Structure formats: C-alpha cells, structure tokens
Amino acid sequence: GSTNEAFLAAYLQAHAGQRPDFAAAGSYDIVHLIADAIENSGPTRTGVQSFVSGVGSETPAFEGATGSISFDERGNLNRTTVEIGIVANGVVVPARDY
C-alpha cells in the first residue's frame, strides 16, 4: 500500500539504498502510531496508552508499512502471522525463497 511505499522511499533515501528489514518497518510503524496517539490524546503516558489500546476497536486499525495494526481487549496485537518479502524485478518474493 501507499504507507509501505512511503516507508520504503524514506528508508532508501535515509540509508543510501540499503534494503530495510522487518525491524525497520516495525520501528517506522510504531513511531507513526505513537505520533498519532500524541496528536489525538496528548503527550502523556496515560493518553498514549489509552489511544493505542483502542486502536482497532475505539478507532480504526492503524494502516502501517507492516500492514493493518489493531489490538484486542488484552492489548495483544490482532495479527498472528507476518510474511517478509523482497521486491525483485517488480515482484514480491518471500524472503525465505530469495
């Protein structure tokens, strides 16, 4: 999606063309999610925690570079699998097959 494309462009520019990994994409997402929380609920621990815990229930899921992010009532991520791929010649190839 467009969030993933924005992440990839920013990463490639900041890191001289190096390929990002899942940790980089996850870090990008969490920084943007916390920025949204601060913007919507204020720069306090309580505000951020309250906003983030409601992502996917009280507010829409957060659409990040790693996909859709939402949390259940216990605060767990509502996603069980993540697949890492590499774009090679315009095609996404699962990293395990690259």
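Definitions and cut-offs
- Chains are numbered independently. Their residues run from 1 in the order of the written sequence.
- Per-residue local features are limited, in this predicted model, to residues with pLDDT of at least 70; the limit for side-chain atom pairs, both in listing and counting, is 80 or more; totals at the level of whole chains, interfaces and linings are taken over all residues.
- Computation of side-chain values: all heavy atoms of the structure, hydrogens and water removed.
- Should a side-chain nitrogen of Lys or Arg be within 4 Å of a carboxyl oxygen of Asp or Glu, the pair is scored as a salt bridge.
- When a residue's accessible area, from a 1.4 Å probe over protein chains only, is under 20% of the maximum for its type it is buried; when over 50% it is exposed; and in between it is partly exposed.
- The pairing criterion for strands is at least two bridges between them, as found by DSSP.
- Segments assigned H or I by DSSP are reported as helices when at least four residues long, segments assigned E as strands when at least two residues long, and all are numbered from the N terminus.

Notes on the pattern of salt bridges
Where charged atoms from two side chains of opposite charge approach closely, those side chains can pair. A complete count under the given rule lists 1 salt bridge for this structure. The closest approach of N and O atoms between Arg-74 and Asp-72, which form a salt bridge, is 3.9 Å. Classification of Arg-74 by relative accessible area gives exposed; the value is 65%. Judged by relative accessible area, which is 18%, Asp-72 ranks as buried.

A closer look at the pairing of strand E4 (residues 91-94)
One ladder, built from 4 bridges, connects strand E3 (residues 85-88) with E4; its direction is antiparallel. Counted as the bridge partner of Val-87 is Val-92 from E4. Counting the residues between successive antiparallel strands, the hairpin from E3 to E4 contains 2 residues, one of them, Asn-89, with a positive phi of roughly 55°.

None of the figures reported here should be taken as evidence of function without further support.
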